[in-house]
Amino acid sequence: MLIDWYVKQKISLPWRDLNPNLYRTWISEIMLQQSQVKTVIPYFNSWFKKFPDITSLANATIDEVLKSWEGLGYYRRAHYIHKASKLIIKKHNGKIPDTYVELIKVPGIGDYTASAILGIGHNLPFFAVDGNFIRVFSRVFKIKGSKSKLTKQIKKNLSQRAIIDFASFNQAVMDLGRTICRPIPACSLCPISIECLAHKHLQTDKYPQKSIKKNKPNYNVVVGIIYKKDNFIITQRKNEGLLGGLWELPGGKIKKGETRENALIREIREELNITIDIKKKLPEIRHEYSHFKVKIYPYICSYNGGKVALVGPVAWGWMNMNEVKTKSFPKATHKVFNLMDNVSL
DNA sequence: AATTCGGGGCA
DNA sequence: TGCCCAGAATT
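Everything numeric in this text was worked out from a predicted model, so none of it was measured.

Q: Which residues make up the protein's contact with DNA strand B, and what are the values?
A: Around DNA strand B there are 24 residues in total, and Gln 34, Ser 35, Arg 76, Leu 242 and Leu 243 lie nearest to it. A distance of 3.3 Å is found between a base nitrogen of DNA strand B and a backbone nitrogen or oxygen belonging to Leu 72. A class-by-class count of the residues in the surface near DNA strand B yields seven nonpolar, 12 polar and five charged.

Q: Outline the protein's contact with DNA strand C, listing residues and values.
A: By nearness alone, 29 residues border DNA strand C, and Trp 15, Leu 32, Gly 108, Arg 135 and Lys 213 come closest of all. Sugar and phosphate atoms represent 61% of those atoms of DNA strand C found within 4 Å of the protein. In the model, a base nitrogen of DNA strand C is placed 2.6 Å from a nitrogen or oxygen of the Trp 15 side chain. A distance of 3.4 Å separates a sugar or linking oxygen of DNA strand C from a polar atom in the side chain of Tyr 80. Contributions of two or more residues to the surface near DNA strand C are made by helix 2 (14-17), helix 7 (76-92), helix 9 (111-121), helix 10 (131-140) and helix 12 (166-179). For the surface near DNA strand C, the residue count by class is 12 nonpolar, eight polar and nine charged.

Q: Describe the environment of His 334, naming the residues involved and giving the relevant values.
A: Tracing the backbone through its elements, the reader meets His 334 in helix 15 (residues 331-339). Measuring from C-alpha to C-alpha, the distance between His 334 and Asn 273 comes to 25 Å, with 61 residues separating the pair along the chain. The residues contacting His 334, other than those within four sequence positions of it, are Glu 70, Val 324 and Phe 329.

Q: So what's going on with the packing of aromatic side chains? Which residues, and what values?
A: Tallying each qualifying case throughout the model produces 20 aromatic pairs. A centroid spacing of 5.4 Å and a plane angle of 90° characterise the contact between Tyr 23 and Phe 48, whose relative ring orientation is edge-to-face. On the criterion of sequence distance, the pair formed by Tyr 23 in helix 3 (residues 22-31) and Phe 48 in helix 4 (residues 37-50) is long-range, its members being 25 residues apart. Judged by centre distance (5.9 Å) and plane angle (50°), the ring pair of Phe 232 and Phe 337 falls under tilted. With a gap of 105 residues between them, Phe 232 in strand 2 (residues 231-236) and Phe 337 in helix 15 connect regions that are remote in the sequence. Overall, Phe 232 belongs to the buried group, its relative accessible area being 0%. Three or more aromatic residues joined by ring pairs form one cluster here, namely Phe 127, Phe 133, Phe 137, Phe 141, Phe 166 and Phe 169. The ring of Tyr 207 has Lys 144 lying over it, and the distance from NZ or CZ to the ring centre is 5.0 Å. The ring of Tyr 297 is capped by Arg 260, whose NZ or CZ atom sits 3.8 Å from the centre of that ring.

So, how was this worked out
- Residues numbered from 1 in each chain as written.
- Chains lettered and ligands numbered in written order.
- Predicted model: local features only at pLDDT ≥ 70, side-chain atom pairs only at ≥ 80, totals over all residues.
- Heavy atoms only, no water.
- Near = heavy atom within 4 Å.
- Polar contact = N/O pair within 3.5 Å; in protein donor to acceptor, adjacent residues only side chain to side chain.
- Nonpolar A, V, L, I, M, F, W, Y, C, P; charged D, E, K, R; others polar.
- Helix = DSSP H or I, 4+ residues; strand = E, 2+ residues; numbered from the N terminus.
- Contact = heavy atoms within 4.5 Å.
- Phe/Tyr/Trp six-rings, centres within 6.5 Å; stacked < 30°, edge-to-face > 60°.
- Buried < 20%, exposed > 50% of the residue type's maximum accessible area, 1.4 Å probe, protein only.
- Lys NZ or Arg CZ within 6 Å of the ring centre and 35° of its normal.

Pasting the structure below:
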């Protein structure tokens, strides 16, 4: 029933039907971590023009890898994928491991991705329990609990089933979760509604149990577009942490009781050890990250004096708007750049 | 077990 | 606007 439904409705996906190989499976699974299919498709397709195989990926610089990842988010994944490619070349002769024990050691590969590579890529008896699995089977089995508990329970319950084609089963559940067993489900279209306990008891809205979410703090940030002639200053973030390795405009949080202008002058002095003159205020930008929000106040400035000495950023440089496409920037910085089209000093 | 990691699709 | 996405690593 589920497999029949899957075969019938199965849609074409780039990692699904075009020369499937383990490199493609691996890249797709990393990109798809917390990113929707529709979002990933263009990134996946252009990825292989730059990095057609693991060797080309391992030989690339992290800046090139980040450029291909720009806009996809969770940039840690790009760092891991790059590290992993080097590890696979060195330790595994360029061949992606085919055991759970080895896969789980690869940077960026956790229980889900290891299971997906084995269960989908190798058609071995592994359940790739992702968000779709959790939603579908927390309803089918009518079970509650933490994500790790649900994962264990789902694997245990499913292990008693006679499944032949794990590759199809795993993808079938994901398709079902994505198209029918959505947060608000379309049970009338569901091929397995007859065996779904939550549906039977009219309680699909209670499963999976919603987690309590914290509200996001709001930060006020100033950034400077600091010109000297036609070029302005950009800085690079350290590889670890938020937006690791990306470039941005220098600036920082406004302190309590501080004016925006003073905050910007202070931040630029602290970060770059230079002095600036503030020339023009640009419209405020709002941006939302996974765990906080920011209001960004951009200012056109001019370089006044001082020799750059970095505290915080790991690199800096002068650039003009035409060179923006040569480096990777967070979405919020691109929003500021978009304001610049009609601005001249 | 909880937190930290982006950005966007979709109702 | 809120929810959630083919989660992993760290705390």
